[in-house]
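# Report on the structure
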Amino acid sequence: MSVRGSCHCGNIGWETAALPEWLTKCNCSYCRKSAALWGRTNLETTQIDYQTDKVIRYVHGDRTQAFVSCGVCGCTTHWESLDHITPRQMKLNFATTNDPIPESIPVRLFDGADSWTYLDA
């Protein structure tokens, strides 16, 4: 089942071949403010399309990932691990899907503000 999403203005578009096993709602300061629902994706089956001069790559904290947001409308569509991190990782913000998220996908709460553990484990 292919899933598509985009920022509000359409400058950043993404498509992934499958739904994630679960979505993550993180309580760190960035995720709280962006209201993201993160889903892990397979890098080989995920496509992201944007013009590099029209996005903002925001890096903070331990400098392991960049939040990618549209420079036009401001929506955060995904995060990418930085080049020095292996294995490479990416999570898509499923709050930016073009269709409703199936209710069958569980949402897990992650304590990114303190313990770096899932609170529902």
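Shown above is the structure to which this text applies.
As a starting point, this report considers the structure included with it. (Residues numbered from 1 in each chain as written. Predicted model: local features only at pLDDT ≥ 70, side-chain atom pairs only at ≥ 80, totals over all residues. Heavy atoms only, no water.)

## Examining the nonpolar core
Stated formally: Definition of nonpolar core: a set of buried residues of the types Ala, Val, Leu, Ile, Met, Phe, Trp, Tyr and Cys, connected through side-chain atoms within 4.5 Å. Only protein chains enter the accessibility calculation, which uses a 1.4 Å probe; a residue whose area is less than 20% of its type maximum is buried, one above 50% is exposed, and one in between is partly exposed. Throughout, a residue-residue contact means that at least one pair of heavy atoms, one from each residue, lies within 4.5 Å.
Counting nine residues, the largest nonpolar core consists of Cys 26, Cys 28, Tyr 30, Cys 31, Ala 36, Trp 38, Phe 67, Trp 79 and Phe 110. Those residues within four positions of Cys 28 in sequence are excluded, and the remaining contacts are Gly 112 and Ala 113. Core analysis: the next-biggest nonpolar cluster, separate from the first, contains seven residues, Val 3, Trp 14, Phe 94 and Ile 105 among them.

## Describing the pattern of salt bridges
The line we're drawing: Any carboxyl oxygen of Asp or Glu that lies within 4 Å of a side-chain nitrogen of Lys or Arg is treated as forming a salt bridge with it. Runs of E in the DSSP output that reach at least two residues are strands. Runs of H or I that reach at least four are helices, and both are numbered from the N terminus.
In this structure the tally under the stated criterion is four salt bridges. With a shortest N-O distance of 3.4 Å, Arg 4 and Glu 15 are connected by a salt bridge. With Arg 4 in strand E1 (residues 3–6) and Glu 15 in strand E2 (residues 13–16), this residue pair connects regions lying eleven residues apart in the sequence. Where Arg 57 meets Glu 80, a salt bridge forms, and the shortest distance between an N and an O atom there is 2.4 Å. Pair noted here: Arg 57 is in strand E6 (residues 55–59) and Glu 80 is in strand E8 (residues 76–81), with a separation of 23 residues, a long-range link. What makes Glu 80 buried here is its relative accessible area of 11%.

## Some points on the packing of aromatic side chains
Defined as follows: Geometry of aromatic contacts follows a simple scheme: Phe, Tyr and Trp rings, the Trp one being its six-membered ring, pair when their centres are within 6.5 Å, and the pair is stacked under 30 degrees between planes, edge-to-face over 60, tilted otherwise. Only Lys NZ and Arg CZ are tested; either one counts as a charge over a ring when it is within 6 Å of the ring centre and within 35 degrees of the ring normal.
With the rule as written, the count across this model stands at seven aromatic pairs. Where Trp 22 meets Tyr 118, the ring centres are 6.0 Å apart and the plane angle is 90°; that geometry is what we call edge-to-face. In this pair, Trp 22 is assigned in the loop between E2 and strand E3 (23–26) and Tyr 118 in the segment after strand E10 (107–110), connecting sequence segments 96 residues apart. Residue class for Trp 22 comes out partly exposed when judged on its relative accessible area of 27%. Members of the aromatic cluster, joined through ring pairs, are Trp 22, Phe 110, Trp 116 and Tyr 118. The ring of Tyr 118 has Arg 108 lying over it, and the distance from NZ or CZ to the ring centre is 3.9 Å.

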